[in-house]
Every structure is written in C-alpha cells, then in structure tokens.
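Survey of secondary and tertiary structure
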Amino acid sequence: MELVKWLNEDGTLTGQYELPSDEMLKTMYAEMKRGRMIDSKMYKMQRQGRMALVAPLSGQEAIQVASALVLKETDWIAPSYRDSVATMLHGVPLETIIRYFKGYSDGNEIPENVNVLPIQIIIAAQLLHAVGIGLASKIKKEDVKTITFFGDGATSQGDFHEALNFASVYQVPVIFICQNNQYAISTPVHKQMNTETIAEKANAYNMAYEYVDGNDVLACYDVMKRAYEKANEGPVLVEAVTYRQGPHTTSDDPKKYRQQQEEMNWAEKDPIVRLQRFLLQKGLWDEQFESRIEKTVSEEIEEAVLAVENTPAPTLAEMLHHVYEDVPLVIQEQIDALGGA
Ligand SMILES: Cc1ncc(C[n+]2csc(CCOP(=O)(O)OP(=O)(O)O)c2C)c(N)n1
Ligand SMILES: [Mg+2]
C-alpha cells in the first residue's frame, strides 16, 4: 500500500500539488507549535508535582491539526487521552485540559457548545461512541460528521472491530483515525498484528481507507479533506503513520523497550521541523514569525496555568459526585467519611 506523502524530511515536495493558502500553511505551523509547547509545559509541570499524570503527544501534532482543521463546528470528536491538540482546536479550553491532567473531575466538563466527548481512557471504547453519534446524526438527517482518534494498540481490541463493522453495516458518517505511533505502551506494532498496515483492515468491512505519513501535515490535510468528503457515503478508516517522541505517560520509561537510534531516526521526521523547512523555502517562515508564536502561546499557557492554580483543588468527596444521579446510602456514607461534599 502506498503511503500518501507530500513533504520530504528536508522540506521539499515529493511532487506537484495544489497547496493550501499561505495563511492556512502558517496556521498549520502555528497550531502544531502551540501543541508542542503546551505538551512540553504539561510534562514539566508533572515532573514538578503540579500535574497528576500526562500522556505526551509530541510528534503526533500533524495528523491532529490537519484533522481538526477540516472539521466544521457542528462536527464531533471522540478522543482518547493523547489528542489534546485536536480537541483544543475544536474548542476545548486549555484550562479544561490542564484540570483533567491534574486529576480534577471537572476537567471532563466540556463546554455545552463544544462538540467533543470527554477523554476516553478505555482503549477503543470511544470508537463505539463515535459510531453512536454518527448513527444518530444519520437518523436525524443532520449534516454532521464524527471523527474519532485511537492508537495502533486499540486495533487489537474487540471494540475496534465492532465499531468498524457496525459503522459499515449502517454506513455512518464517521472517520476512524488511527495514530499508529508504533507502540502500545511497550508493545511494538509488529508484535500485536500480522498485517502490514492498519489501513488495510478496512477491506474486511468494505470501507474506504487512507494511509498517510502522519508526520506530514500537508499530506494529512489532503487525506483528511478526502476522507471528509468520502464520509458522506459511509465510514472511512485513516491510518496516520507517526511516532510518539516521549514516553507513553509520565509513568513510563521508553528506554526499557526502544533504542535511542530509533528515536533519532524518527526525530528526523519531526512534523514541525519538516513544515518549518518547507515554509522557510517558500519565504513564509522567519525568526519573527517564530517568536510571535512563542510569545502568544507562552502568554496563553501562563494565563491558563495561573487560572487553574488559583482555583481551589476539588475536595476528596467530589470524586464521588456523579456516580449516581440519586446518591445511594453506600455512596453517601463514603462522602461523609471523606469530610462531606
Ligand atoms: C481496555 C483497556 N485495556 C488496557 C488499558 C491500559 N492501557 C492504557 S494505554 C494502553 C496502550 C494503548 O496503545 P495505543 O492504542 O497504541 O495508543 P497510544 O497510547 O500509543 O496512543 C493500554 C494497554 C486500557 N486503558 N484500556
Ligand atoms: Mg500506540
């Protein structure tokens, strides 16, 4: 299967393409850079004991930015824990993301007008939710599409196959986006599947598919625009081949299961560096542009972190809120034991 790839690692094009506008190219760069800066700040904060646990996404910005940029406000995202670049672009406030990774349950409260589901930790469960939204929009004859993100490991779950099968039987407008970042924690892709690609699994469900260099934002944008159109007819599976540059989470040490040489090889394919080289050649990138982004994003981060850290942490008992609508005695007793709500 041929990988869709527009940008070489040195920033030159692999062929002749109809490029997005200069403004769009700069937006793609700025949003990827913003994602990288936020990710790196949250990682450091976790190390300083200011966050509970973080699942870094550095390296995976291109497919997330490209996907979010093709969506309309009325479309939905069903995300996993490593998709904040996409969800923020679709309207989830940075403050909410920070609260989530601090371990505050209200970090799961998505504003009413933002069509993003709460972060899903159960591997592949969000695919079923996406199919549910897709089926509902189809029944209601709404012009709405749903995208859902998941990892390579998620394709070994029953939920993945159930979701694709159901989506295909009912021809729902859902785009399944697999970020193949090469590992499910410490398990490399080749140890958990016997197919060469994930994209080809679409054949089993008679679904459309795309196979793309997930570190090439131009190719990802092209593929996502096509997938978005195809979703008018039925579901689409997109495999974006990428790499998680950091650990699985802040509780993981990737040195135990992958070689430094491999990390260095993938660093050469970094999506931000690649687009920066391309923009430089086109005269669209300079130091000023870079420092403007850095300044704006630093201020945004500073403000969000301050806002979160200046609000009191939730009480212990609050973790028992929302377990049931009507609180049963057994939960009330625990709430009381934790000092009351
Ligand atoms: C149903 C289920 N089983 C196991 C886990 C533990 N777990 C958390 S992340 C993860 C690996 C997922 O890998 P992948 O789907 O490739 O996503 P990535 O973390 O690489 O983005 C596992 C097994 C879980 N959260 N849910
Ligand atoms: Mg993975």
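Residues numbered from 1 in each chain as written. Chains lettered and ligands numbered in written order. Predicted model: local features only at pLDDT ≥ 70, side-chain atom pairs only at ≥ 80, totals over all residues. Heavy atoms only, no water.

Observations concerning the overall build of the protein chain
Per the secondary structure count, the protein chain includes eleven helices and seven strands. At 20 Å, the protein chain has a C-alpha radius of gyration in line with the 20 Å of a compact globule built from 341 residues. By principal-axis analysis of the C-alpha atoms, the protein chain measures approximately 65 × 50 × 40 Å. Put simply, the protein chain has 341 residues, and 52% of those count as buried. Considering only intrachain contacts with a sequence separation of at least 6, the fraction spanning at least 24 residues in the protein chain is 74%. (Helix = DSSP H or I, 4+ residues; strand = E, 2+ residues; numbered from the N terminus. Rg over C-alpha atoms; globule rule 2.2 N^0.38 Å. Buried < 20%, exposed > 50% of the residue type's maximum accessible area, 1.4 Å probe, protein only. Contact = heavy atoms within 4.5 Å.)

Focus on the side chain of Thr96
Topologically, Thr96 is positioned in helix α4 (residues 94–102). Accessibility expressed as a relative area gives 10% for Thr96, which makes it buried. Ignoring any residue separated from it by four or fewer positions in sequence, one finds Thr96 in contact with Asp106, Gly107 and Glu109.

Here's the deal with the site of ligand 1
Neighbouring ligand 1 are 15 residues, the closest being Tyr81, Arg82, Gly153, Ala154 and Tyr183. One nitrogen or oxygen atom from the main chain of Ile121 is found 3.0 Å from a nitrogen atom belonging to ligand 1. Asp152 places a polar side-chain atom, nitrogen or oxygen, 3.1 Å from an oxygen atom of ligand 1. Considering only residue class, the shell around ligand 1 consists of eight nonpolar, five polar and two charged. (Near = heavy atom within 4 Å. Polar contact = N/O pair within 3.5 Å; in protein donor to acceptor, adjacent residues only side chain to side chain. Nonpolar A, V, L, I, M, F, W, Y, C, P; charged D, E, K, R; others polar.)

Some details on the coordination of the magnesium ion (ligand 2)
Ligation of the magnesium ion (ligand 2) by protein atoms is provided by Asp152 (OD), Asn181 (OD1) and Tyr183 (O), these donors lying 2.1 to 2.2 Å from the ion. Summarised as a motif, the one-chain spacing of the donors to the magnesium ion (ligand 2) is D-x28-N-x1-Y. On the criterion of sequence distance, the pair formed by Asp152 in the loop between β2 (146–151) and α6 (158–170) and Asn181 in the loop between β3 (174–180) and β4 (183–184) is long-range, its members being 29 residues apart. (Donors = N, O, S within 2.8 Å, 3.2 Å for Na, K, Ca; no water.)

Here we look at the domain arrangement of the protein chain
Along its sequence, the protein chain is carved into domain 1 (22–310) and domain 2 (316–341). The straight-line distance from the C-alpha centre of domain 1 to that of domain 2 is 34 Å. (Domains from an automatic or database assignment.)

Brief notes about the nonpolar core
Within soluble globular proteins, side chains that are nonpolar tend to cluster in buried spots. Among the nonpolar cores identified, the biggest contains 69 residues, and Ile175, Leu218, Val238 and Leu275 are the most heavily contacted of them. With residues up to four places along the chain from it excluded, the contact list for Ile175 reads Thr146, Ile147, Thr148, Met224, Ala227, Tyr228, Ala231, Val236 and Val238. Residues Ala78, Ile133, Phe150 and Tyr205 belong to the second largest nonpolar core, which totals 24 residues. (Core = buried A, V, L, I, M, F, W, Y, C linked by side-chain atoms within 4.5 Å.)

Brief notes about α4
Most of α4 is tucked away: eight of the nine residues are buried. Listing the buried residues of α4 in full gives Leu94, Thr96, Ile97, Ile98, Arg99, Tyr100, Phe101 and Lys102. Looking at the buried positions of α4, the neighbouring elements they touch are α1 (22–47), α3 (84–89) and α10 (287–309). One or two steps after α4, the chain reaches Gly103, where phi turns positive at roughly 95°.

Side note on the pairing of strand β6 (residues 208–213)
For β6 and strand β7 (residues 236–241), the ladder comprises six bridges, and the chain directions are parallel. Bridge pairing in β7 places Tyr211 opposite Glu239. Once the chain exits β6 it traverses helix α7 (residues 217–230) before rejoining the sheet at β7, and the crossover so formed is right-handed. (Pairing = 2+ DSSP bridges. Right-handed = clockwise from strand over helix to strand, strands pointing away.)

Some details on the sheet that holds β3
The five strands are arranged β1-β2-β3-β7-β6 in an open sheet whose pairing can be described as parallel. Whereas interior strands pair on both sides, the edge strands pair on one side only; in this sheet they are β1 (76–78) and β6. In this sheet, neighbouring strand axes are inclined to one another by 20° on average, regardless of whether the strands run parallel or antiparallel. Summarising the sheet, β1 and β2 pair through three bridges and their orientation is parallel. Residue Ala78 lies in a different strand from β2, and its bridge partner there is Thr148. Helix α2 (residues 61–70) contacts β2, β3 and β7 of the sheet and is inclined by roughly 165° relative to β3. (Axes fitted to C-alpha atoms, helices over the stretch in contact; angles between N-to-C directions.)

Re the packing of α1 against α2
One way to put it is that α1 packs onto α2 with a least axis distance of 9 Å and a crossing angle of 125°. Overall, the two elements α1 and α2 adopt an arrangement that is oblique. α2 is crossed by α1, and the crossing has right-handed handedness. Along its contact with α1, which presents Met24, Thr27, Met28, Glu31, Met32 and Arg36, the element α2 presents Glu61, Ala62, Val65 and Leu69. Split by residue class, the contact of α1 with α2 holds six nonpolar, one polar and three charged. (Parallel < 35°, antiparallel > 145°, perpendicular 65-115°, else oblique. Left-handed = near helix turned anticlockwise from the far one by under 90°.)

Focus on a nonpolar patch on the surface
A cluster of nonpolar side chains, namely Phe166, Val169 and Tyr170, defines an oily patch on the protein surface of about 300 Å² accessible area. Classification of Tyr170 by relative accessible area gives partly exposed; the value is 42%. (Patch = residues over 30% accessible without salt bridge, like charges linked within 9 Å, V, L, I, M, F, W, Y side chains within 5 Å. Areas by Shrake-Rupley, 256 points an atom, 1.4 Å probe, with all protein chains shown as cover. Salt bridge = Lys/Arg side-chain N within 4 Å of Asp/Glu carboxyl O.)

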